[in-house]
Every structure is written in C-alpha cells, then in structure tokens.
Amino acid sequence: SSGINAEWPLRPGAVVESMLAVVLGILATFHAPTSAIKCYNDTNLDNLQDYELEIPHSSTPEEYKSYWRNWHNNYILFGKFDGDPTVGTTIEVGYYANSSAISLISRVVVDCEANTWTSYLVNNVSLVEVLYQTGELNTSCTEGERFDLWLHTMQPLMINWLYGDQYMQYNITDETSTENFLRNHRNNRHEPYVPGRDAKWRNRTVPLPAATGTDLATRYTVHTTGAAYVTRLAFGECVAWPDHMSSNCSAAAAWIVQRSGRDPKDPLPGYNGYGMKEFGAADIAFAPKCVNDIYYNNLQTMIHPDEFSVIGSTWCCCVGMLTGKVYQDDPDKWCQTNKHGSCKLKCMETYQHSLWQETSDTEQ
C-alpha cells in the first residue's frame, strides 16, 4: 500500500566461492559494530586520506561468477571535513580492474574548491582515459560537516555515483544518461513468461561507454586532499547509515530514502521530495523500520538479500531498539531468511517493553 517495490534481481548461479572478500592492506583500520546490516564488510577507518580495498577474483572459470556478484552492490564511503575544505580539498574514488593495459572502470573527483564533480573512464572506442561527465555540487563542502560518497553497481557497465543526496550523473531527461528498455521480471527468475503480465517499461541509466566493466573489478581506491578525511567504508548488497544516526531511527530511515530509487514526486507521508529515481542506490523497502521517531523495531523483516539468500527472499534480523544494530553483532545467529513472511524469529532478546510502551503512550 505504500508503493514500495521490494522486487530485486536474483543472481543466477551464485556460489560461495564468489563472495567478495576483503584484503585490508597497509593502512591502519579497525573493526567495530557499525550501522549496517549484513554488509560483506563494514570497516572503521582512522581519518585516512589514502585507502585501497582489494577485491580478489576466482582463478577458475567455472567459479568465476563476478558478473552476478556485482549486481546491486553498494560501496558506501563516510568522511568528514576537518579544516577549511574550500582550499585544496578533493575526494577521489576509483574502481579498477586488474589489467595493465586498461585498468580504470570509473573514477569520480569531488573538488570542493571548484564546487564541482567530475567522472572519468577509459573510452571503449579510443581506449584512452577521458572526462565522461561533470557538474556543480548542489551543496558546498563545509568545515566540520560529514560527507558520504556511494558507488552503486548494477551490471558491468551500469553504475551510479552519489555524493550525499546528489547523483553525479546527468538528469533523467537527458537522453545520453538514461534509456527505456523492456524488462521481464519473471524471466529474470527463470519462471514462465506470461504475456500482458510480465512486460513492463521502465527507465534505467545508460551503460557506460567504458572499455572495462565492474565484472572485472579488483580494486576500489580512495584518495583525498586538504581537509577531507575518510572515516568508514561499508560495502556489499546492503545499506548503511551514519553512526551518529544510530540512536535515531527516523533520521537513519530518511537518510536512506533520500539516497534511494524512489520517485521524489510520488506522495509518501514524511518523504515528499525524497529519492533519486533511476540514479538511486537502494530500494526504500530496505530502510530501517521504526516504532516511533527514535527507536528501531526490534525485528527488521526487510534486510537486503545477498548471494546466500533463498530465491525470492529477503533477510530478517533481531536488532537493538536503541541502535538498529544486529544483536550481539552476530547475523549468523540472529538473522534468518524471510521468504513470503516465513521468518521465525521472535526477537524477544531485543524487545524492550518500556520503549514500546512509550510508543503507545505517544500515540494516545
């Protein structure tokens, strides 16, 4: 009834061996429970200006499922401006393949001094690195403020870059940035096609005119200058929100919806004007569910599916009502598959009667 579309593209043939692994190399990092649920990895970074994430690939063709592995992954970078960002401050994030000839897949640079963003790629015809698109920042970099930068991968040549609540691509009305295509939902799941039911038109971002796709990705790199420092990176088929919002569920939910694929023109109480349509990085169905303006529902039933999900299923997890974090930081124990509402978790361990009672009192 809310207009939320919880459908998701299933990745056929996914195998455990293709799971993204992390090799965190020479830079100092540390792990702690953070505001993300079932990401492949969520790492706190110690105010770094250079960081590299290695994404190893299987050497066996039969196990090489990276094409499907890269559907709907998010790389969510968090940072802050410590000092005046209007002088000599840039944020550069690159996605690379393991190729000596053509390694760059896509790269973006946020230039705070010039108040611009610019994307680059290696052109699939000239095989030379070129400037792809550029634009102005909607919000200027500000001393003391936090920032977030997303890379959302969908298919090898279909990605979205987001800087906060701004997509770093051209508007949907520009024919060079989107295209219409006929999608068959059922055939994506290897089910019989039903004429008149399954044919559906929608918009999507136009594939990059790049020589290399995300299916060959092996490295994600970050380099900042000036006052920009990175504090955290979460990645996987998941969503994450800033740690400072972990005690305010409605703020975390709104933050996700603002970066989601919903149409900002669609009416939705509390979220009018929120969303990025085709350029979004998540479905609003996967924003955290709240019991009032502050507390998280102790049972979250719409957690983003991943390669270990049952076909057509999301995850459900027990989380802390005050933090939204998986109980005991142990998703293997406190998360289950949730196909057609089949979740068996009761989550009494995370139920806090006083908080639910406070909700009831507020509603009266």
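Since the model is a prediction, treat every value here as computed from it, not as a measurement.

Chemist: Can you break down the overall build of the protein residue by residue, with the values?
Modeler: Of regular secondary structure, the protein possesses 5 helices and 19 strands. Put simply, of all contacts in the protein between residues at least 6 apart along the chain, 64% involve residues at least 24 apart. When the accessible area of the protein is evaluated, it comes to approximately 16,900 Å², of which 50% is carbon and sulfur surface.

Chemist: Describe the state of the cysteines, and please don't skip the residues or the numbers.
Modeler: One pass over the structure, following the stated rule, counts 6 disulfides. Each sulfur of the disulfide joining Cys249 and Cys290 lies 2.1 Å from the other. Here the disulfide of Cys249 and Cys290 is left-handed, its torsion about the S-S bond being about -85°. Pair noted here: Cys249 is in helix α3 (residues 249-258) and Cys290 is in the loop between α3 and β17 (299-303), with a separation of 41 residues, a long-range link. Here Cys316 pairs with Cys343 through a disulfide, and the sulfurs are 2.0 Å apart. Taking the sign of the S-S torsion, about 85° here, the bridge from Cys316 to Cys343 comes out right-handed.

Chemist: Hey, could you go over α3 for me, with residue numbers and the actual values?
Modeler: Of all 10 residues in α3, 8 are buried; the element is thus mostly enclosed. Residues Cys249, Ala252, Ala253, Ala254, Trp255, Ile256, Val257 and Gln258 constitute the buried set of α3. Those residues of α3 that are buried lie in contact with β5 (73-81) and β10 (146-155).

Chemist: Explain unusual backbone geometry residue by residue, including any values.
Modeler: In terms of backbone geometry, most residues other than glycine have negative phi values and most peptide bonds are trans. Although it is not a glycine, Asn47 adopts a positive phi angle of roughly 50°. Relative to the elements of secondary structure, Asn47 occurs in strand β3 (residues 41-48). Judged by its relative accessible area of 35%, Asn47 falls in the partly exposed class. If you check the backbone angles, Leu127 has positive phi at about 60° while not being a glycine. Among the structural elements, Leu127 can be located in the loop between β8 (116-122) and β9 (129-136).

Rules of the game
Residues numbered from 1 in each chain as written. Predicted model: local features only at pLDDT ≥ 70, side-chain atom pairs only at ≥ 80, totals over all residues. Heavy atoms only, no water. Helix = DSSP H or I, 4+ residues; strand = E, 2+ residues; numbered from the N terminus. Contact = heavy atoms within 4.5 Å. Areas by Shrake-Rupley, 256 points an atom, 1.4 Å probe, with all protein chains shown as cover. Disulfide = S-S within 2.5 Å. Buried < 20%, exposed > 50% of the residue type's maximum accessible area, 1.4 Å probe, protein only.

Everything listed here is a matter of geometry and, on its own, says nothing about what the molecule does.
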